[in-house]
Amino acid sequence: MLETLKIKNLAIIDFAEVHFDQGLNILSGETGAGKSIIIEAISLILGGRSSSNLIRSNCNEATVEGLFNLTQTPWVKEKLLNHGFDDLDETLLIKRIVSRQNKQRIYINGELATVSLLKTIAEGLVDLCGQHEHQTLLKSQTQMSLLDQFGGLEVKAKEFTALLREFKKINEKYKSLFLDKEEKVKRLDYLKFQEKELTQANLNIDEDIRLREEKQLLQSFQQRVEKVGLVSQLLDSRDFEEKCVLDLLRLGQNHMSQLEELDPVLKKMSESWKSCLLDLEELSHELSSYLNSADMDPERLKQVQERLALIADLKRKYGETITEVIHTHKDIQSNIDEIENSDVHLGHLEEQLNKTKDDLVSNANKLSASRKKAADFLSCNVTTELKELKMENALFSVEVSEKKDLSAWSDYMGGNDISFLVNTNAGDVSKPLGKIASGGELSRLMLAIRTVISDQGGVGVYLFDEIDAGIGGQTAFQVGKKLKEVAKSHQVICITHLPQIACFSDHHWVVTKGIHSKRTVTKVIHLEKQENKKEEIARMLGGDKKTLASLKNADELLERACNLS
């Protein structure tokens, strides 16, 4: 579950810290107070799109942090372990920073991460059900995803996807060998040209690194000789009018030896002096040897430069690194072999293709049968939920059909098409969801589906935004009751304008907007006392001016909700 949400400098929120809890968490407030910013913040820590426009004016960056408890979502902890996160406890901390330069930093448990990794880790943490999700519910892939989730078929669907991709890969390879004779000759000539070029190059791993080091050494010959000569001259040269360093040290050594005879205490210093003198004499000898052995080799420098130019050209053609070029070379050799021995390879590929196709068809049939079975159960369960949501005459059905043409099969849909159908009025025919006119009906249908699927697990938090769109009265009360039921097994966060839903809260927050230091500021306030909840529900019932009637009505709603919980 989501335990803590911290927001800093996001839109009109300068700072907010919300501590959510188990059960039904309600967020209410006036329109425009900033409730949608809470949704935006949660979306950011789930890997949603960021923009510098989200940053509060006169601020350089916005920060959102989310602390999740993973006790009831062990699959998230498993994903963390699989991606190299060690020393895990039962918590997950996600931090995302968005800057004015459209740059961002993401931290997962304190470690820098990418948006792609964040999306992978956060998948399944929060199920966001809002107005946008109402529209995605009309898409076939979303419907299939929900059906597979309900039927526990997600692993089977992934296995099918992997098998389909393997089949397509083999099929493409099989087709590529069916070249006409002229095209085959052209292709083979080109591949042999490439193979000859790479074979003659005879590249070695990291050869370019060693050559660049050698090139730098060869090019610095003159500079090295000059510097070594100067140092050697300073140490031991008779060209200077004054004595050289070694002469001076030898003179000093004579004085130190005499001092040692006069005072034994100076013996250790004399030995140190002598040691320095011996080291410098050795250094002088080595420098002289280096100068005598140094030799400018312009021919070798030319060879190195030409070799580096060749390597650069090959990397431009065949890969960014020598390792990639060598791999490309092996692939080219393999392609040549396949074309020259295409008849043999075709036989092997055809055998492999037929086997993979048989496995694929068998897998698709089993998956399709499982989906149809799950569709029947989902249809019945959602229809039951709709009746409890004041859609007594509604009939929900899931229609799963099969695609005969294997070329039309897709990764996740498999060999199936799907359609969510609903009939909201007795005597009418069932129609696709997109034909439903009422937004309130679509909201309740969304809630019914989420309620049924929530029993299967696989989601940490349900976040409902605008689930109350187009409803009110007793229907809204039933929606609140249903949210309360979902919250018994899952943490639910719900943003609502309706008191009939808010009265079922286990925890209630109010989002307020005001002026502070001549700037608009949004605050999120936790209503800890029952009296505060009653006053907020009274406001939701009758506006800012709370009356005895609205307070009494709020009291009745709270009591009724309590009796039904």
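Attention in this report is confined to the structure presented alongside it. It should be emphasised that the depicted structure is a prediction, and the values quoted were computed from it without experimental measurement.

## Side note on the overall build of the protein chain
So, point 1. In terms of regular secondary structure, the protein chain is built from 19 helices and 15 strands.
So, point 2. Taken over C-alpha atoms, the radius of gyration comes to 38 Å for the protein chain, far larger than the 24 Å a tight globule of 565 residues would show.
So, point 3. Expressed along its principal axes, the backbone C-alpha trace of the protein chain runs to roughly 115 × 80 × 40 Å.
So, point 4. Residues counted as buried form 43% of the 565 residues belonging to the protein chain.
So, point 5. Here the protein chain displays about 31000 Å² of accessible surface, and carbon together with sulfur accounts for 50% of that area.

## Quick notes on the sheet that holds strand β4 (residues 61-69)
So, point 1. Strand order in the open sheet formed by six strands is β2-β1-β4-β5-β6-β7, and the pairing between neighbours is antiparallel. One side of each edge strand has no neighbouring strand; the edge strands of this open sheet are β2 (13-19) and β7 (111-113). Put simply, the sheet's adjacent strands are angled 15° from each other on average, direction ignored.
So, point 2. Two elements, strand β1 (residues 2-10) and β2, share six bridges in a ladder whose sense is antiparallel. Across the sheet, the residue bridging to lysine 6 is glutamate 17, located in β2.
So, point 3. Helix α1 (residues 35-45) rests against β1, β2, β4 and β5 (91-99) of the sheet, and its axis sits at about 105° to β1.
So, point 4. Lying over the sheet, helix α3 (residues 115-122) contacts β5, β6 (104-108) and β7, oriented at roughly 40° with respect to β6.

## Here's the deal with unusual backbone geometry
In terms of backbone geometry, most residues other than glycine have negative phi values and most peptide bonds are trans.
So, point 1. The phi angle at asparagine 9 is positive, at roughly 60°, despite the residue not being glycine.
So, point 2. As for its placement among the helices and strands, asparagine 9 is situated in strand β1.
So, point 3. At asparagine 109, a residue that is not glycine, the phi angle is positive and equals roughly 50°.
So, point 4. With respect to the helices, strands and loops of the structure, asparagine 109 is situated in the loop between β6 and β7.

## A few points about the environment of glutamate 260
So, point 1. By the secondary structure assignment, glutamate 260 is in helix α10 (residues 245-262).
So, point 2. For glutamate 260 and glutamate 271, which are eleven residues apart along the polypeptide, the C-alpha to C-alpha distance reads 9.5 Å.
So, point 3. Filtering out sequence-adjacent residues up to four positions away, glutamate 260 remains in contact with Lys267 and Ser270.

## Regarding the packing of aromatic side chains
So, point 1. One pass over the structure, following the stated rule, counts five aromatic pairs.
So, point 2. Ring plane angle 80° and centroid distance 5.3 Å describe the contact between phenylalanine 396 and phenylalanine 420, whose orientation is recorded as edge-to-face. Placement of the pair is phenylalanine 396 in strand β9 (residues 395-402) and phenylalanine 420 in strand β10 (residues 416-423), with a sequence separation of 24 residues.
So, point 3. Consider the rings of tyrosine 462 and phenylalanine 464, whose centres lie 6.2 Å apart with planes at 15°: the pair is stacked.
So, point 4. Assessed through its relative accessible area of 0%, phenylalanine 464 is described here as buried.
So, point 5. Between arginine 560 and the ring centre of phenylalanine 477, over which it is positioned, the NZ or CZ distance is 3.9 Å.

## Digging into the sheet that holds strand β12 (residues 461-465)
So, point 1. Strand order across the open sheet formed by six strands is β8-β12-β13-β3-β14-β15, with mixed pairing between neighbours. Two strands lie at the open edges of the sheet, namely β8 (126-129) and β15 (519-527), each paired on one side alone. Neighbour-to-neighbour, the strand axes of this sheet turn through a mean angle of 20°, independent of strand direction.
So, point 2. Taken together, the nine bridges between strand β14 (residues 507-516) and β15 define a ladder with antiparallel strand orientation. Each residue of the ladder has a partner; that of isoleucine 515, found in β15, is threonine 520.
So, point 3. Relative to the sheet, helix α18 (residues 530-542) contacts β3 (24-28), β14 and β15, its axis offset from that of β14 by approximately 70°.

## Let's talk about the pattern of salt bridges
So, point 1. Under the counting rule described, the total for this entry stands at 23 salt bridges.
So, point 2. For glutamate 30, the salt bridge goes to arginine 539, with nearest N and O atoms at 2.9 Å. Of this pair, glutamate 30 sits in the loop between β3 and α1 while arginine 539 sits in helix α18, and the two are 509 residues apart along the sequence.
So, point 3. Salt-bridge contacts for glutamate 214 lead to arginine 300; the nearest nitrogen and oxygen are separated by 2.6 Å. Placement of glutamate 214 in helix α8 (residues 207-219) and of arginine 300 in helix α12 (residues 298-318) is noted, with a sequence separation of 86 residues between them.

## Remarks on the environment of valine 510
So, point 1. Considering the arrangement of structural elements, one finds valine 510 in strand β14.
So, point 2. A relative accessible area of 9% places valine 510 in the buried class.
So, point 3. In this structure, the C-alpha to C-alpha distance between valine 510 and leucine 527, residues 17 residues apart in sequence, is 7.2 Å.
So, point 4. Apart from residues lying up to four places away in sequence, valine 510 is in contact with Ser28, Lys523, Val524, Ile525, Leu527 and Glu536.

## Comments concerning the side chain of glutamine 500
So, point 1. In this structure, glutamine 500 sits in helix α17 (residues 499-502).
So, point 2. Residue class for glutamine 500 comes out buried when judged on its relative accessible area of 16%.
So, point 3. With sequence-adjacent residues up to four places away left out, glutamine 500 is seen in contact with Gly473, Ala476, Phe477, Gly480 and Leu557.

## Considerations on the side chain of lysine 533
So, point 1. Residue position: lysine 533 is located in helix α18.
So, point 2. Residues in contact with lysine 533, not counting those within four places in the same chain, are Ser505, Asp506, His507, His508 and Leu527.

## Details of helix α19 (residues 548-564)
So, point 1. Here α19 spans 24 Å end to end across 17 residues, near enough to the 24 Å set by a 1.5 Å rise per residue.
So, point 2. For α19, the elements touching its buried residues are α16 (473-486), α17 and α18.

## Remarks on the nonpolar core
So, point 1. One finds Phe420 and Leu483 to be the most contacted residues of the largest nonpolar core, which totals 70 residues.
So, point 2. If you tally residues by element for this core, the top one is helix α14 (residues 342-388), at eleven residues.
So, point 3. Within the second largest apolar cluster, 47 residues are counted, among which are Ile38, Ile45, Leu463 and Val524.

## Let's talk about the packing of helix α6 (residues 154-176) against α14
The packing of two helices is summarised by the inter-axis angle and the distance between the axes.
So, point 1. For the pair α6 and α14, the least separation of the axes is 9 Å and the interaxial angle reads 155°. Comparing their axes, α14 and α6 come out roughly antiparallel. Crossing hand, α6 versus α14: left-handed.
So, point 2. Looking at the contact of α6 with α14 residue by residue, the classes come out as 13 nonpolar, five polar and seven charged.

## With respect to the packing of helix α5 (residues 140-151) against α14
So, point 1. Where α5 meets α14, the axes come as close as 9 Å, and the angle between the chain directions of the two elements is 90°. With respect to their mutual orientation, α5 and α14 come out roughly perpendicular. Packed against α5, whose contacting residues are Met144, Leu147, Asp148, Phe150 and Gly151, the element α14 presents Arg371, Ala374, Ala375, Phe377, Leu378 and Asn381 at the interface.
So, point 2. Partitioned by chemical class, the residues of the contact of α5 with α14 number seven nonpolar, two polar and two charged.

Analysis parameters
- Residues numbered from 1 in each chain as written.
- Predicted model: local features only at pLDDT ≥ 70, side-chain atom pairs only at ≥ 80, totals over all residues.
- Heavy atoms only, no water.
- Helix = DSSP H or I, 4+ residues; strand = E, 2+ residues; numbered from the N terminus.
- Rg over C-alpha atoms; globule rule 2.2 N^0.38 Å.
- Buried < 20%, exposed > 50% of the residue type's maximum accessible area, 1.4 Å probe, protein only.
- Areas by Shrake-Rupley, 256 points an atom, 1.4 Å probe, with all protein chains shown as cover.
- Pairing = 2+ DSSP bridges.
- Axes fitted to C-alpha atoms, helices over the stretch in contact; angles between N-to-C directions.
- Contact = heavy atoms within 4.5 Å.
- Phe/Tyr/Trp six-rings, centres within 6.5 Å; stacked < 30°, edge-to-face > 60°.
- Lys NZ or Arg CZ within 6 Å of the ring centre and 35° of its normal.
- Salt bridge = Lys/Arg side-chain N within 4 Å of Asp/Glu carboxyl O.
- Expected span 1.5 Å × (residues − 1).
- Core = buried A, V, L, I, M, F, W, Y, C linked by side-chain atoms within 4.5 Å.
- Parallel < 35°, antiparallel > 145°, perpendicular 65-115°, else oblique.
- Left-handed = near helix turned anticlockwise from the far one by under 90°.
- Nonpolar A, V, L, I, M, F, W, Y, C, P; charged D, E, K, R; others polar.

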